[in-house]
Amino acid sequence: MNVHDTTLAPPAPAARPGLRERPPLGRLLREHRAVSPDNLRAALSAQRETPYRLGNVLTAHGYSSDHAVAAALAEQRGIGFVDLVAAPPDPALFRQEDVDAYLAGSILPWKRLGRVTTYAVSDPTNLARALARLSDRPDMVCVVVATRAQIEQVVAETAREPLAERAARRTPPELSVRGIRGLRTRGALALVLLAGLVVAGGNTVFALALGGLFLLNAATMALRIAALVAGRVRPDTDPPARAGMVTLSDRKPLPRISLLVPLYREAAMVPGLIEALSALDYPRERLEVRLLVEEDDEATARALSAQPLPAWMRPMTVPAGRPRTKPRALNYALDFCEGEIVGILDAEDRPDPGQLRAVAASLTSAPPDVAACQCQLSYYNARDNWLSRCFQLEYAIWFEVLLRGWQALGLPIPLGGTSVYFRRSILKATGGWDAHNVTEDADLGMRLARLGLRCQVLRSTTEEEAACEFHRWIRQRSRWLKGYLLTWASHMRAPITLWREMGARGFFGLNILFLGGAAAYLAIPLFWAAVLGWVVTGEGLWQSTLPGWVIYPAGITLGLGQGVMLACACLAMLRRGTLGFIWCVPTLPFYWTLGAVAAWKAIIEIVVAPFWWDKTKHGTSPTQRRERRARRLAQE
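What you see is a predicted model; the values in this text were computed from it and never measured.

Participant: Quick question: what am I supposed to make of the overall build of the protein here?
Facilitator: Tallying secondary structure elements over the protein gives 23 helices and 13 strands in all. The proportion of buried residues among the 636 residues of the protein is 54%. Long-range pairs, those at least 24 residues apart, make up 79% of the contacts in the protein with a sequence separation of at least 6. Accessible area for the protein stands at about 27,900 Å²; split by element, carbon and sulfur atoms hold 59% of it.

Participant: Looking at this structure, I do not really get helix 18 (residues 470–491). What am I missing?
Facilitator: It helps to recall that an α-helix has 3.6 residues per turn; residues three or four apart then point in one direction. The end-to-end C-alpha distance of helix 18, which contains 22 residues, comes to 32 Å, matching closely the 32 Å that a straight helix rising 1.5 Å per residue would cover. Taken across its 22 residues, helix 18 has 16 buried, putting it largely inside the fold.

Participant: Just checking my understanding: could you explain the confidence of the model for the protein for this structure?
Facilitator: Per-residue confidence for the protein averages 85 on the pLDDT scale, and 86% of its residues sit at or above 70. In the model, residues 1–19 has pLDDT below 50 throughout and makes 42 contacts with residues more than four positions away in sequence or in other chains. Overall, residues 239–250 carries pLDDT values under 50, and its contacts beyond four positions in sequence, including any with other chains, amount to 17 contacts.

Participant: How should the sheet that holds strand 9 (residues 341–344) be read in this particular structure?
Facilitator: Sheet strands pair via backbone hydrogen bonds, and the direction of the pair is either parallel or antiparallel. Reading across the sheet, the 8 strands line up as 8-7-6-9-12-11-13-10 and stay open at both edges, with mixed pairing between neighbours. Where the open sheet ends on each side, the last strands, each with one partner, are strand 8 (313–318) and strand 10 (350–351). Pairing of strand 9 with strand 12 (residues 420–423), which is carried by 4 bridges, proceeds in the antiparallel orientation. Residue I344 lies in a different strand from strand 12, and its bridge partner there is V420. The sheet contacts of helix 12 (residues 298–305) involve strand 6 (257–263), strand 7 (287–294) and strand 8, and relative to strand 7 the element is tilted by about 145 degrees.

Participant: Help me understand the pattern of salt bridges, please; the structure alone is not making it clear to me.
Facilitator: If the charged atoms of two oppositely charged side chains come close together, the side chains can form a pair. Applying the stated rule across the entire model yields 35 salt bridges. A salt bridge links R169 to E165; the shortest N-O distance between them is 2.8 Å. Separated by 4 residues within a single helix, R169 and E165 lie in helix 9 (residues 160–169), roughly one turn from each other. On the accessibility criterion, R169 (47% relative accessible area) is partly exposed. Three or more residues are tied together by salt bridges with common partners; here these are R148, E152, R256, E288, R290, R314 and E338.

Participant: Would you take a moment to explain the nonpolar core for this structure?
Facilitator: Nonpolar side chains tend to gather and get buried jointly when the protein is soluble and globular. Core analysis: the biggest nonpolar cluster contains 65 residues, and F391, W406, W473 and Y591 have the highest contact counts within it. Among the elements that take part in this core, helix 15 (residues 386–409) stands out by supplying 12 residues, more than any other. If you look at the next biggest cluster of nonpolar residues, it comprises 59 residues, including V82, V99, I151 and L292.

Participant: Looking at this structure, I do not really get the pairing of strand 11 (residues 370–379). What am I missing?
Facilitator: Across a regular strand the side chains alternate sides, sitting on one face of the sheet and then on the other. Counting buried positions along strand 11 gives 10 out of 10 residues, so the element sits mostly inside the fold. The pairing of strand 11 with strand 13 (residues 454–464) spans 9 bridges and is parallel. Each residue of the ladder has a partner; that of Q374, found in strand 13, is V457.

Participant: Sorry, what's going on with the environment of N511 here?
Facilitator: Note that N511 resides in helix 19 (residues 495–522). According to the relative accessible area criterion, N511 is buried, its value standing at 13%. Considering only alpha carbons, one finds N511 and W488, 23 residues apart in sequence, at a separation of 6.8 Å.

Participant: How should I be thinking about the packing of helix 18 against helix 19 in this particular structure?
Facilitator: In helix packing, the relevant descriptors are the interaxial angle and the interaxial distance, both defined with respect to the helix axes. Look at helix 18 against helix 19: their axes get within 10 Å of each other, and the N-to-C directions meet at 150 degrees. Considering the angle they form, helix 18 stands roughly antiparallel to helix 19. As for the relative orientation of helix 18 and helix 19, their crossing is left-handed in sense. Across the interface between the two elements, R477, L481, Y484, L485, T487, W488 and H491 of helix 18 pack against L498, L510, N511, L513, F514, L515, A518 and Y521 of helix 19.

How each quantity is defined
Residues numbered from 1 in each chain as written. Predicted model: local features only at pLDDT ≥ 70, side-chain atom pairs only at ≥ 80, totals over all residues. Heavy atoms only, no water. Helix = DSSP H or I, 4+ residues; strand = E, 2+ residues; numbered from the N terminus. Buried < 20%, exposed > 50% of the residue type's maximum accessible area, 1.4 Å probe, protein only. Contact = heavy atoms within 4.5 Å. Areas by Shrake-Rupley, 256 points an atom, 1.4 Å probe, with all protein chains shown as cover. Expected span 1.5 Å × (residues − 1). pLDDT = per-residue confidence, 0-100. Pairing = 2+ DSSP bridges. Axes fitted to C-alpha atoms, helices over the stretch in contact; angles between N-to-C directions. Salt bridge = Lys/Arg side-chain N within 4 Å of Asp/Glu carboxyl O. Core = buried A, V, L, I, M, F, W, Y, C linked by side-chain atoms within 4.5 Å. Parallel < 35°, antiparallel > 145°, perpendicular 65-115°, else oblique. Left-handed = near helix turned anticlockwise from the far one by under 90°.

Structure follows, in structure tokens:
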């Protein structure tokens, strides 16, 4: 077995400091030539400015391997070091009920001899606390040192099925869309019933259906006008000026951040992703990045293995299971995270280098009821074509006008799927992400609001790749709209409870946001039908068949709704300084018409495949293709 010193060292000398003089860790690593003198000096200098241990600094900056540091730590404390690959733990000692304790304490039962159980730990100074978490506490304990990565790998392999099941069902059924009984049947019956009433009931039922649709559209328009007015002065939710450039304070250490990056069929995006992550300005010893790869995604796994990844950036295999969704992968990784803050990035993201410092400053100084920070999103390929330009305008409207206004109005904020950061303790306590909801981000924002928690929107921006091909745009948008409708259905299962938890403002805000937002898209064909009817015949399309109480309000809400969004677009351009896109504003009604196609696709999918994740393929834009060619030429 690959065990150094003794495998059954008595715990007392290791657990009680001061019984003998311990050689400095740096000296031991130098003696074993596991670190160069220059790198050791650099690590010691960095350690003096932070409260973090030398071993963490050395491994995080790549000055020494975690294997060498763990072996030196064992030698320093006079205990054994074990390589869990060469000498795996006894599987009979593994207790499934202690999985969380193993991960939290970075500890594993390794071997048993008689009444003595030997535990492998990555940090022997934390032994007492780690043992206290276990359900099985043997009378006699010995300890050896192993790397955290190897302990995690053993847990992942041994508890594969329970961890995979938890990832799919972390959110309680009463808060998850999977808990909606007969979802597909109810959706199909609703569509058939509505169509049957319209056909059988004639103009009266048709008028009532249109009236309900236009009422929702009017409520959505009113909410947008309120956001436009309320957001005229931006709420100062960011830390003070230049907070993204400095630490929280001279005395307060930066929190540890865990970044989760789910990848699925993203092999082409790996080099650019590594560059973007490497540009983040945050102490490496306070940062861990976990690159989540689905078990059967061999191409992405090969692409990652071909990259020289730093120690703070590590691939993680997500075991196969259903549903195969992004939130399920995030739930799986959540149990392995060490950070006080957990953030999400996508494969194509390019976050502002100072983003993590801004997030750390915001969440550390914010009141306890602030559970998350949402950074703004933009597109680096916005100028590729007309579709990407309109997409950029839409994102500007969302972040610069609507979210700003909703925040000022005190409404619940639907979070985005990337560049959003949570307090880990709150995230776990609220049930993580709903693995069955294809807009798990927006749903989580509502669940936090129901608990009386808030989210802040920061100025820090992440650039993404806009879907600039019509079929990909429609597929992505239909997934968003399907998720919005499912989120609405999930929270409206118990409307009285929802009202009690969110209050009237939150209740109506949720309904208008999710149901009204979908209705706005569904009503767009009616808008064009009315316009074309007026152009061709000189009168409204349904003027001769429908009563005036439907015709006139419908015309006002449809026309004014388009005008409000165009006004939002102009204001958003001014705030973002993108006046070069002004020529796109008059074309936005045609762009939103694509959303109507996506909305009807979403309704069909709710009946056919409500939990199916229609994956958006990245790396297809002209900008991405040019950058990949440039990267290949540079390597040659």
